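Take a look at the letters that make up each chain.
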Amino acid sequence: MTSIGIGEAPKRKEDVRFLTGKGRYVADIKLPNMAAAIFVRSPFAHALIKSVDTDAAKGAEGVVAVFTGAEMDADGVGGLPVGWGITGSDGEPMKEPRHPPLAVDKVRHVGDPVAVVIAETPEMARAAADLVAVDYEPLTPVVSMIEALKPSAPLVHEDVPENLCCDWSLGDAAAVDDARAKAAHIARIELVNNRLIGNPMESRAAIADYDRARDHYTLYTTSQFPHVVRFLMGGLVLNIPQHKLRIVAPDVGGGFGVKQFHYAEEAVLTWVAGKIRRPVKWVSDRSEGFISDRQGRDHVTEAELALDADGKFLGLWVRTLANMGGYLSTFGPNIPTNLYAPLLSGVYKMPAIYCEVKVVFTNTLPVDAYRGAGRPEATFVLERLVDVAAIETGIDKVEIRKRNMISADEYPYQTPVIVEYDSGDPMGCLEKAIEVADIAGFEARRHEAAQRGKYRGLGLATYVEACGLAPSRLAGQMGARGGLYESATVRVHPTGHVSVMIGTHNHGQGHETTFAQIVSDQLGVPFEDIDIVFGDTDRVQFGMGTYGSRSLVVGGAALAKAGDKVILKGRKIAAHLLEAGLDDIVFEKGDFKVAGTDRSKSFAEIAGAAYVPHNYPLEVLEPGLEEQAYYDPINFTYPGGAHFCEVEIDPDSGEIELKSYVAVDDVGTIINPMIVEGQLHGGIVQGIGQALFEHGVYDEESGQLISGSFMDYCMPRADQLPSLTISPHTTPCAHTPMGVKGCGECGTIGSPAAVINAVVDALKPLGITHVDMPATPNRLWNVIRNARPTSVAAE
Ligand code: MCN
């Protein structure tokens, strides 16, 4: 029974139940009299719905009900809302077409839900779903963004001309034109940021229940932000008052962004539960997830970097097409704009930046945040371009970065694109990475590989990200339609045990451990005596959930603030009990003491006195020891780092082997080094997945998702990875209570660029300056074959 503090690495509290199979996920929940739901989904990417005949399905064995979009419409159900609006450079707000939870007149992507079948069992519902006769009139789909913007393209939404949701820009175009005019060299690149399909271990699921006696709904859902689901769904889709709606997101088996949105299935099930007056459950299988979960990335970009004769950056110009898919998802338009362009300065002094983004509708699955969300895309553009500039100017890739890097004493650093970095030491990260990765020995390793007939390459990427979403005022200026603060309640029980109710959501990040460490450190309460409660709108005060690596930075800060209030109240109680002045009471290692004396009261004694107030200052203090705090950050936090990757490519097969990966990251004060290392591991592997394996591919003619299963969508496996070397180099954040910065997305942000830079470096002898992601063996084999069909061993 000991307190465990900040910087220690206890084993994760939550793993006891996960590793012993006792986690309680939505799919594990069984309510009495529960029916099962199966969605009827469009097989077409683009089609008119001429009619939906549900008669046969309604007559099938075990069927309870069948509902269509038209019925929900007739009942006044609203469209799925967008939580973030953007405005075009012409001052026009983005086009925001209606998104009915079940399609009404038209389907806009394969998998668009058209009807829902409710039956006694999932098998019965599935059999009946086949009997729902939808008369579609297929239309020509548009998949490519370039095609979608052509005047002749089919329209995904009739009220959105040219399929253009928004023509958005940030920065100073004239200043960048000046930079280009003055430049000694302009490096240019065209690249694709491939579409990703997130695959958390647990697929999405929902159970809705309606309590007739209380006229009250409960929705259990696999969500990263239950309060926001209640806010959006209750307030804007179903018109259920907030106090009549409870959202529970119990154990959730990974999200990575995919579970950060308000989904149609949640609204449909809740509405259905009210109609059939029975609980109803839906559990997606993996195949359904591929055509119903939100997807990520999908940019086409051209960019130019202007440099002077010394290799100093003068200006950056970026033009990006960003795919939204068939509908705007909850945060879709925010990702390729506000979370992308403001990060284009990276860790460099970039005097001028101009970025324009055309946000485009296509007949594909909606695109939204996926781990990193906009920031890996920005890093990829910048770090690929810097490498191209290095090759073209003949300046070494490390040297060109150092020449342009913001030095530690230049923080706080105002970029030309909104954000002001509060703290950092990119040069320190880079120097450490150079040492840990043994860059001095690389040429010898390259030579040795060449002897074996292999191309060996060294890739470097630096990065900075803005996370800890977000200062509400700034987010509001950028189009957020809600606040982005966080909340925590510290409830001290009469025994001194502590329950923390926190508005974030733990779905793999280890919050039950790290938040308990914060409380244990602050209040001196044994680690085991602290329980972290989250994911239930009836148990926890309003909170914004987990995404944007915000939980520690914003939620942890709210928690520390609430802890401060507990200490202050405890000191007041102690002052009374110890007959001392408040200013004389200090709180040290779990004891309230009269400074300079041996008189003290333990934390548990003070808690007991607060709840059994026989000797208590009732005139000036309420009984009880429970405090709540909300925290709204004043800035983002800006973790950053330097990643080195080494690869070997077999020129005969295109096979690629990752030989080493070194990551030096600055995540501010570290609460739990083991958890941070795990987060970096996971993030880096996700980035490697994007760089080498994963690709969401749609057939251009039919709009079918070709990579719709793990047979075609290739996830990284342990045996394809080297042992990762994680080596922190931290500077404390200047404005968060504990000096912390987020870490949940860092790995995903630095790694795609580091890996592709290594691939391109390996192929340098062939004169290749860019390879698109994913750098699969097939792609590399073709690149090598078209460049020079000889073996490197001959050199
Ligand atoms: N931490 C720490 N010291 C720091 C920073 C963080 O000890 N300086 C700890 C935190 O206390 C927390 C963990 O590291 O336990 C991650 O913290 P944070 O950076 O605040 O990120 P969040 O908890 O807000 O998690 C969100 C982030 C995102 S945006 C995605 S996507 C993501 C990710 O984290 N999805 C994940 N990591 C994931 N990990 C798992 N296992 N599953 C997911 O779905």
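Above: the structure in question.
Residues numbered from 1 in each chain as written. Predicted model: local features only at pLDDT ≥ 70, side-chain atom pairs only at ≥ 80, totals over all residues. Heavy atoms only, no water.

Draft legend 1. View of the pattern of salt bridges. Applying the stated criterion to the full structure yields 49 salt bridges. Note that R41 is salt-bridged to E288, the shortest N-O span being 2.8 Å. Placement of R41 in strand 1 (residues 35-41) and of E288 in helix 9 (residues 286-290) is noted, with a sequence separation of 247 residues between them. Using a relative accessible area of 14% as the deciding quantity, one classes R41 as buried. Residue E288 is classed as buried on the basis of its relative accessible area, which comes to 13%. Salt-bridge contacts for R401 lead to E383; the nearest nitrogen and oxygen are separated by 2.8 Å. Here the residue R401 occupies a position in helix 11 (residues 397-404), and E383 occupies one in helix 10 (residues 375-393), the gap between them amounting to 18 residues. Judged by its relative accessible area of 0%, R401 is buried. (Salt bridge = Lys/Arg side-chain N within 4 Å of Asp/Glu carboxyl O. Helix = DSSP H or I, 4+ residues; strand = E, 2+ residues; numbered from the N terminus. Buried < 20%, exposed > 50% of the residue type's maximum accessible area, 1.4 Å probe, protein only.)

Draft legend 2. View of the packing of aromatic side chains. Under the defined criterion, the tally for this structure stands at 20 aromatic pairs. Above the face of the F527 ring, K13 is positioned so that its terminal group lies 4.9 Å from the ring centre. The ring of Y263 is capped by R204, whose NZ or CZ atom sits 3.5 Å from the centre of that ring. (Phe/Tyr/Trp six-rings, centres within 6.5 Å; stacked < 30°, edge-to-face > 60°. Lys NZ or Arg CZ within 6 Å of the ring centre and 35° of its normal.)

Draft legend 3. A look at the packing of helix 18 (residues 673-693) against helix 19 (residues 746-762). It is at 7 Å that the axes of helix 18 and helix 19 come closest, and there the two elements cross at 40°. With respect to helix 19, the axis of helix 18 lies oblique. At the point where helix 18 passes helix 19, the crossing takes the right-handed sense. Within the contact between the two elements, helix 18 uses L680, G683, I684, Q686, G687, I688, Q690, A691 and L692 and helix 19 uses C746, G747, T748, S751, P752, V755, I756 and V759. Among the residues forming the contact of helix 18 with helix 19, the class breakdown is 10 nonpolar, 7 polar and no charged. (Axes fitted to C-alpha atoms, helices over the stretch in contact; angles between N-to-C directions. Parallel < 35°, antiparallel > 145°, perpendicular 65-115°, else oblique. Left-handed = near helix turned anticlockwise from the far one by under 90°. Contact = heavy atoms within 4.5 Å. Nonpolar A, V, L, I, M, F, W, Y, C, P; charged D, E, K, R; others polar.)

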